[in-house]
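Chain and residue survey
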Amino acid sequence: MTTPPHGPDDATPPVPTPPTVASVPSDHPYVRHLAPLDGPGPLRLPDIPGVDADGVPTGAWWPPRMLEADWAATGAFDLLHVHFGFESRTPEQLRELVDVLRRRRRGLVVTVHDLHNPHLHDASGHHARLDVLVPAADEVVTLTSGAAAVVAQRWGRTATVVPHPHIVALDEIGPWRARRRPPREPGAPMRVGVSLKSLRANVAARDLLPGLTEAVGALPGATLEISVHADVLRNGAPRHDPAVAGLLDEAGSRPYVEVRAHDYLPDDELWARLASLDVSVLPYRFGTHSGWLEACRDLGTDVVAPRCGGFFAEQAPVDEFDLDVDGLSVPSLAAALRATYERGSRPQVTVEERRSQRAAVATAHAEVYERARASARAR
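Residues numbered from 1 in each chain as written. Predicted model: local features only at pLDDT ≥ 70, side-chain atom pairs only at ≥ 80, totals over all residues. Heavy atoms only, no water.

Right, let's get into the state of the cysteines. Evaluation of the coordinates by the stated rule reveals 0 disulfides. In this model cysteine 296 remains outside any disulfide bridge; the closest cysteine sulfur is found in cysteine 308, 15 Å from its own. Residue cysteine 296 is classed as buried on the basis of its relative accessible area of 0%. The exposure class of cysteine 308 is buried, given its relative accessible area of 10%. (Disulfide = S-S within 2.5 Å. Buried < 20%, exposed > 50% of the residue type's maximum accessible area, 1.4 Å probe, protein only.)

Reading across from one edge, E9-E8-E7-E10-E11-E12-E13 is the order of the 7 strands in this open sheet, with mixed pairing throughout. The strands lining the two open edges of the sheet, one partner per strand, are strand E9 (257-262) and strand E13 (327-328). In the sheet, strand E7 (residues 191-197) pairs with strand E8 (residues 223-229) via 6 bridges, with the strands oriented parallel. The residue of E8 that forms the bridge with arginine 191 is threonine 223. Its contacts with the sheet place helix H12 (residues 330-343) against E7, strand E10 (279-281), strand E11 (302-307), strand E12 (319-324) and E13, and it is angled at close to 160 degrees to E12. (Pairing = 2+ DSSP bridges. Helix = DSSP H or I, 4+ residues; strand = E, 2+ residues; numbered from the N terminus. Contact = heavy atoms within 4.5 Å. Axes fitted to C-alpha atoms, helices over the stretch in contact; angles between N-to-C directions.)

Under the counting rule described, the total for this entry stands at 27 salt bridges. For glutamate 294, the salt bridge goes to arginine 354, with nearest N and O atoms at 2.7 Å. With a gap of 60 residues between them, glutamate 294 in helix H10 (residues 291-299) and arginine 354 in helix H13 (residues 351-377) connect regions that are remote in the sequence. Here glutamate 294 falls in the buried class, since its relative accessible area comes to 1%. Here glutamate 370 makes a salt bridge to arginine 373, at a shortest N to O gap of 2.6 Å. Of the two residues, glutamate 370 and arginine 373 are both situated in helix H13; the distance of 3 residues between them amounts to about one turn of the helix. (Salt bridge = Lys/Arg side-chain N within 4 Å of Asp/Glu carboxyl O.)

As a further point, take the pairing of strand E5 (residues 139-142). Taking every second residue as pointing to the same face, both faces of E5 are buried, with Glu139 and Val141 on one and Val140 and Thr142 on the other. Pairing geometry for strand E4 (residues 107-112) and E5, over 4 bridges, is parallel. Looking at the pairing, valine 109 lines up with glutamate 139 of E5. With helix H4 (residues 124-136) bridging E4 and its parallel neighbour E5, the resulting β-α-β unit is right-handed. (Right-handed = clockwise from strand over helix to strand, strands pointing away.)

Tracing the backbone through its elements, the reader meets arginine 157 in the loop between helix H5 (145-155) and strand E6 (160-161). For the buried arginine 157, which has no salt bridge, the nearest side chain bearing the opposite charge is glutamate 139, at an N-O separation of 6.2 Å. There is a polar contact of 2.9 Å between the side chain of arginine 157 and the backbone oxygen of alanine 137. Excluding its chain neighbours within four sequence positions, the residues that come into contact with arginine 157 are Val134, Pro135, Ala136, Ala137, Asp138, Glu139, Val140, Val151 and Ala152. (Lys, Arg positive; Asp, Glu negative; His and termini not counted. Polar contact = N/O pair within 3.5 Å; in protein donor to acceptor, adjacent residues only side chain to side chain.)

This part is about the packing of aromatic side chains. Applying the stated criterion to the full structure yields 2 aromatic pairs. Their ring planes at 55 degrees and their centres at 6.1 Å tell us that tyrosine 284 and phenylalanine 312 sit as a pair that is tilted. Here phenylalanine 312 lies in helix H11 (residues 312-315) and tyrosine 284 lies in the loop between E10 and H10, a separation of 28 residues in the sequence. Each member of the pair tyrosine 284 and phenylalanine 312 is classed as buried. Sitting above the plane of the tryptophan 176 ring, arginine 179 keeps its charged end 4.1 Å from the centroid. Here the basic side chain of arginine 200 rests over the ring of tyrosine 284, its NZ or CZ set 5.1 Å away from the ring centre. (Phe/Tyr/Trp six-rings, centres within 6.5 Å; stacked < 30°, edge-to-face > 60°. Lys NZ or Arg CZ within 6 Å of the ring centre and 35° of its normal.)

Encoded structure:
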């Protein structure tokens, strides 16, 4: 009897097919930059346009249809990956969603971006939703080891730590940097910026503006650009804040301060604004991680960030100051800006470093997805 040259143990194992992922959301720069630059990656379903409480289309992915149990009961996907937007669902509705996923043996991946939702003053509802999602997840991901420690303490889950990828497209980073001024020398004039946008819940405009204006004024040759959405200044607008408008008028009266009011900026205009700054100050009274910080890194803009219970300093090198729900330490802000001023520009993360990180991020997520899919199939 002739022995075949290759027995069953020598057979090449089948290559796993990439999973179909229902990502909440899908069209978001963080989520887009989880994909590999080369080769196959997961198939991410496109966002389903949301509708408001009156059934009117919102023109965006929010509120996310993919978090509704009836959609999950019939949707064609292998894994549900939750990033943002689950504040639109009650804990009870999320439990229904989890039950559907378990019945259908569909995997659940949860990335804990925010331990305190930056859009909500009260963290209790966010925590209640995480109390459903994190224990039920087949795989938990977060962005820093500090956040992973909190996840372990609160929920007894081991989170896979995957750093935040780039925000600006890789092929655009070089051209944007080429438009910048040369790196700033120690003690050279410094252009500082802060963006208040539409005063979301964690933006500490009233606490920060007077102290920031004074701290920048104490640095020889320094200037301050304050950016704010026009609806904050517009009488009758939902986000109008007369107190902040008054502080902006007062700050704008200083010769070294420029107040820029504008509507939502498309990416190109936002990148141009950020690239024109030497340093961007994050105005947050609470937060966990920051995509704004990552965009600044891409563009070569230094960051001064608050110690507010988050992990900005684990994401990237920053100068820190004390700002949280209890208020601002003006001396700490002045010291952070002084340190930035006297040091000069930090060395920039290179495009190749961002490219290498992107590959590592994609690989890590492919591994997470395979573990989650295997866990769901084994139920």
